[in-house]
Amino acid sequence: IVISLVSIAVVIERYVVFVRNRIDLPSFSSKLVRLLNQGDLKAAVALAESSGSAEAAVVAEGLANYGKGEKVVGELMESMIMKQQQRLDRRLTVLGTVGSNAPFIGLLGTVLGIIKAFNDLAFNTAGGPSVVMAGIAEALVATAIGLLVAIPAVVAFNYFKSREKKIMNNIAQLKNMLLAFIGDASQAAPESSDQAA
């Protein structure tokens, strides 16, 4: 019961985090491209900071260091990606541990219950099979409870991991797009200085 309550608490907390992380990626990326094409870096930063998503946080980190060059921005964005991944991963190990170990805890309870049932039979041979059957039926409840705790934990763990993978893919797309703009800007700068000379 305690493990089940912990698992439920983690599922609720993670669900709130992932709901708050929602972003309309096509709309966000199209607005970002438009603002960068216009050269309006301030509005692009404001757009990224207006969203509380992991994707926007990585873009905001890149935009805040826009003038430092493609390599530096790429490294800083990679650092922010790791930070956001840790934020999304937080407490998911609890669900993974519960999902993988709850059936074994239930099985342990069943084994101990069966040992007790056979022990009862040894001291009450007159009761016959009914003594054993009642004990075994009671012991199997532990396995059933273990599975009832494990199955939702595994489902939730897989759901959150799939959401995290999607977010990481979104971040990779936005990172590549922003680095492409920075690369174009750095190539355009030497050309303009050559023409001036």
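What this report covers is the structure whose coordinates are included nearby. (Residues numbered from 1 in each chain as written. Predicted model: local features only at pLDDT ≥ 70, side-chain atom pairs only at ≥ 80, totals over all residues. Heavy atoms only, no water.)

With respect to the overall build of the protein
Per the secondary structure count, the protein includes seven helices and zero strands. Reading the helices (α) and strands (β) of the protein from amino to carboxyl end gives α-α-α-α-α-α-α. The C-alpha radius of gyration of the protein comes to 28 Å, more than 25% above the 16 Å expected for a compact globule of 197 residues. In terms of its C-alpha atoms, the protein occupies a principal-axis envelope of roughly 110 × 25 × 20 Å. Within the protein, the proportion of its 197 residues that are buried is 35%. (Helix = DSSP H or I, 4+ residues; strand = E, 2+ residues; numbered from the N terminus. Rg over C-alpha atoms; globule rule 2.2 N^0.38 Å. Buried < 20%, exposed > 50% of the residue type's maximum accessible area, 1.4 Å probe, protein only.)

Concerning the pattern of salt bridges
Where side chains of opposite charge bring their charged atoms close, a pairing between them can arise. Under the defined criterion, the tally for this structure stands at five salt bridges. Among the ionic contacts, a cluster of salt bridges with common partners joins Glu-13, Arg-14 and Arg-91. (Salt bridge = Lys/Arg side-chain N within 4 Å of Asp/Glu carboxyl O.)

Details of the layout of surface pockets
The calculated volume of the largest pocket comes to roughly 180 Å³. Lining the largest pocket are Ile-1, Ile-3, Ser-4, Ala-102, Ile-105, Gly-106, Ala-142, Ile-145, Gly-146 and Val-149. Among the secondary structure elements, those contributing two or more residues to the lining of the largest pocket are α1 (2–20), α6 (92–123) and α7 (129–196). Looking at the lining of the largest pocket element by element, the count peaks at four residues for α7. Tallied by class, the residues present in the lining of the largest pocket amount to seven nonpolar, three polar and no charged. (1 Å grid on protein atoms, 1.4 Å probe; cavity = no way out; pocket = protein on both sides within 12 Å on 5 of 7 lines; lining within 4 Å. Points joined across faces, edges and corners; volume = space filled by probe spheres on them. Nonpolar A, V, L, I, M, F, W, Y, C, P; charged D, E, K, R; others polar.)

So, a nonpolar patch on the surface
Nonpolar side chains collect at one region of the surface, where Phe-104, Leu-107, Leu-108, Val-111, Leu-112 and Ile-115 lie side by side and expose about 590 Å² of accessible area between them. In this structure, Leu-108 sits in helix α6. (Patch = residues over 30% accessible without salt bridge, like charges linked within 9 Å, V, L, I, M, F, W, Y side chains within 5 Å. Areas by Shrake-Rupley, 256 points an atom, 1.4 Å probe, with all protein chains shown as cover.)

Considering the environment of Thr-110
As for its position among the elements, Thr-110 is in helix α6. By relative accessible area, Thr-110 is classed as buried at 4%. When the C-alpha atoms of Thr-110 and Pro-152 are compared, they prove to be 21 Å apart, with 42 residues separating the residues in sequence. Setting aside residues up to four positions removed in sequence, Thr-110 forms contacts with Ala-139, Leu-140, Ala-142 and Thr-143. Of the polar contacts made by the side chain of Thr-110, one reaches the backbone oxygen of Ala-139; its length is 2.9 Å. (Contact = heavy atoms within 4.5 Å. Polar contact = N/O pair within 3.5 Å; in protein donor to acceptor, adjacent residues only side chain to side chain.)

Some thoughts on the packing of aromatic side chains
For the coordinates displayed, the defined rule picks out two aromatic pairs. Residues Phe-18 and Phe-160 carry aromatic rings whose centres are separated by 5.3 Å and whose planes lie at 20° to one another, so their mutual orientation is stacked. Note that Phe-18 is positioned in helix α1 and Phe-160 in helix α7, a separation of 142 residues in sequence. Comparing Phe-18 with Phe-160 shows no difference in burial state: the two are buried. (Phe/Tyr/Trp six-rings, centres within 6.5 Å; stacked < 30°, edge-to-face > 60°.)

Section: the nonpolar core
Formed by 42 residues in total, the largest nonpolar core has its most connected members in Phe-28, Leu-32, Leu-36 and Leu-63. Elements with a minimum of two residues in this core: α1, α2 (25–38), α3 (41–49), α4 (54–64), α5 (70–89), α6 and α7. For this core, the element with the highest residue contribution is α7, accounting for 14 residues. (Core = buried A, V, L, I, M, F, W, Y, C linked by side-chain atoms within 4.5 Å.)

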